[in-house]
Amino acid sequence: TFTAELENKTEDQGSLNDENSSDRSFVGGSSCNDVHTLAFPSISTSDFQFDLEKASDIIVDSVSDFLNKFDSVRLVLVDLSDKSKILSLVRKKAAQKNIESNKFFTFVGDITQLYTKGNFRCNVIANATNWRLKPGGGGVNAAIYRAAGDSLEIATKERAETLSPGNSVVVPLPSSSPLHLREGVTHVIHVLGPNMNPQRPNYLKNDYVEGCKILHDAYSSLFENFASIFK
Ligand code: AR6
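A few points on the structure. Computed from a predicted model, the values in this text were never measured in an experiment.

### A few points about the sheet that holds strand S6 (residues 187-191)
Turning to step 1, where the next piece is worked out: Strands sit in the order S3-S2-S1-S4-S6-S5 across an open sheet of 6 strands; the sheet is mixed. The two strands at the open ends of the sheet, each matched to only one other strand, are strand S3 (104-108) and strand S5 (168-172). The sheet shows a mean angle of 25 degrees between the axes of neighbouring strands, taken without regard to direction.
Turning to step 2, where the next piece is worked out: With 5 bridges connecting them, strand S2 (residues 73-79) and S3 associate as parallel partners. Its bridge partner being in S3, leucine 77 is matched across the sheet by threonine 106.
Turning to step 3, where the next piece is worked out: Across the sheet, helix H5 (residues 139-148) is in contact with strand S1 (36-41), strand S4 (124-128) and S6; its angle to S4 comes to roughly 130 degrees.
Turning to step 4, where the next piece is worked out: Across the sheet, helix H6 (residues 150-159) touches S5 and S6, and the angle it forms with S5 is around 125 degrees.

Here is the structure:
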């Protein structure tokens, strides 16, 4: 079944040190060179505390809309653990929607080490950022800024100072950045999602009508910006 395929793929690709992975030609091989691949984390569902059921519906709907419009692209939802609830919800819902498993799948691993640890080439990665586009703060944002070095902060500042919820910005990564050199990442797309955490700015006070709209806008903006890189 579709689900089984996705699960197998996730296990193979996520097994970080498996030198004999049967999926090697698919994940690391030249087939990726003519396919633009975006790896993205689940926006807003950890530090920003957005509901996982609602987020998974929005991810699958947004992915499906995007894949209907573009060929030669792949979208990959990444999370750190094979116990990730958002990954399993999204896998289940993607299967129900019959989304093609070679164009959209999940991957278990660190988004900053997809190639060196996961043998998986992705030229573009998304970051779940904060409104000031600042390094640190924890989560995937801290990890990406740490892995990319100072040049990401400098390149980001040239593009934007702040971001409003539901928007994203593409930042070309200088070739001197370790993330570019080691992992082959050419662009980082910062995305700001809706915030349901009272301790963070732009707190939505559990307003899921507004929250769902913003998360939908965030993924639409992310995918459109991804397409704009290779168009
Ligand atoms: N690789 C892959 N996925 C990761 C990684 C990683 N290295 N680290 C975390 N995740 P979060 P948010 C997953 O909290 O909810 C920051 O401080 C994680 O398991 O990073 O949008 C920013 O500055 C989860 O599935 O982002 C903002 O202030 C997903 O990434 C705020 O957090 C997103 O979790 C944004 O909160």
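### With respect to the site of the ligand
Turning to step 1, where the next piece is worked out: Around the ligand, the structure places 23 residues, and the nearest of them are Ser44, Asp79, Asn130, Gly137 and Val140.
Turning to step 2, where the next piece is worked out: Between the ligand and the protein, one listed contact pairs an oxygen atom with a backbone N or O atom of phenylalanine 48 at 3.1 Å.
Turning to step 3, where the next piece is worked out: In this structure, a nitrogen atom belonging to the ligand sits 2.9 Å away from a main-chain N or O atom of isoleucine 111.
Turning to step 4, where the next piece is worked out: Protein chains bury 91% of the 710 Å² of accessible surface belonging to the ligand in isolation.
Turning to step 5, where the next piece is worked out: Those elements that provide at least two residues to the shell around the ligand are S2 and H5.

### Some points on the side chain of glutamate 183
Turning to step 1, where the next piece is worked out: Checked against the element boundaries, glutamate 183 lands in helix H7 (residues 178-183).
Turning to step 2, where the next piece is worked out: Polar side-chain contacts of glutamate 183 include one of 3.4 Å to the backbone nitrogen of leucine 114.

### Details of the pairing of S2
Turning to step 1, where the next piece is worked out: Across the 7 residues of S2, 6 count as buried, placing the element largely inside the fold.
Turning to step 2, where the next piece is worked out: As paired elements, S1 and S2 share 6 bridges and run parallel to each other. Bridge pairing in S2 places histidine 36 opposite valine 73.
Turning to step 3, where the next piece is worked out: The parallel pair S1 and S2 is bridged by helix H3 (residues 52-69), and the resulting crossover is right-handed.
Turning to step 4, where the next piece is worked out: On the question of chirality, the crossover connecting S2 to the parallel S3 by way of helix H4 (residues 85-96) is right-handed.

Thresholds, definitions, all that
- Think of each chain on its own: its residues are numbered from 1, step by step along the sequence as written.
- Given that the model is predicted, a residue must reach a pLDDT of at least 70 before its local features are reported, and side-chain atom pairs must reach 80 or more before they are shown or counted; all residues, however, enter totals for whole chains, interfaces and linings.
- For side-chain calculations, the full set of non-hydrogen atoms in the structure is used, while hydrogens and water are omitted.
- Here, a strand pair is defined by DSSP locating no fewer than two bridges between the strands.
- Comment: elements are numbered from the N terminus, with helices defined as DSSP H or I runs of at least four residues and strands as E runs of at least two.
- Axes here mean lines fitted to C-alpha atoms, for a helix over just the part in contact, with angles spanning 0 to 180 degrees between N-to-C directions.
- Here, residues are in contact when the closest pair of their heavy atoms is within 4.5 Å.
- One heavy atom within 4 Å of a molecule or strand is enough for the residue carrying it to be called near that molecule or strand.
- Contacts described as polar in this section are N or O atom pairs within 3.5 Å, which, within protein, must combine one atom able to donate a hydrogen with one able to accept it, while residues neighboring in sequence count only if both atoms come from side chains.
- The method behind every accessible area is Shrake-Rupley, applied with a 1.4 Å probe, and residues are considered shielded solely by the protein chains displayed.
- Throughout this description, buried means an accessible area under 20% of the type-specific maximum (1.4 Å probe, protein chains only), exposed means over 50%, and partly exposed covers the range between.
- With strands facing away from the observer, any crossover in which the path from the first strand over the helix to the second runs clockwise is taken as right-handed.

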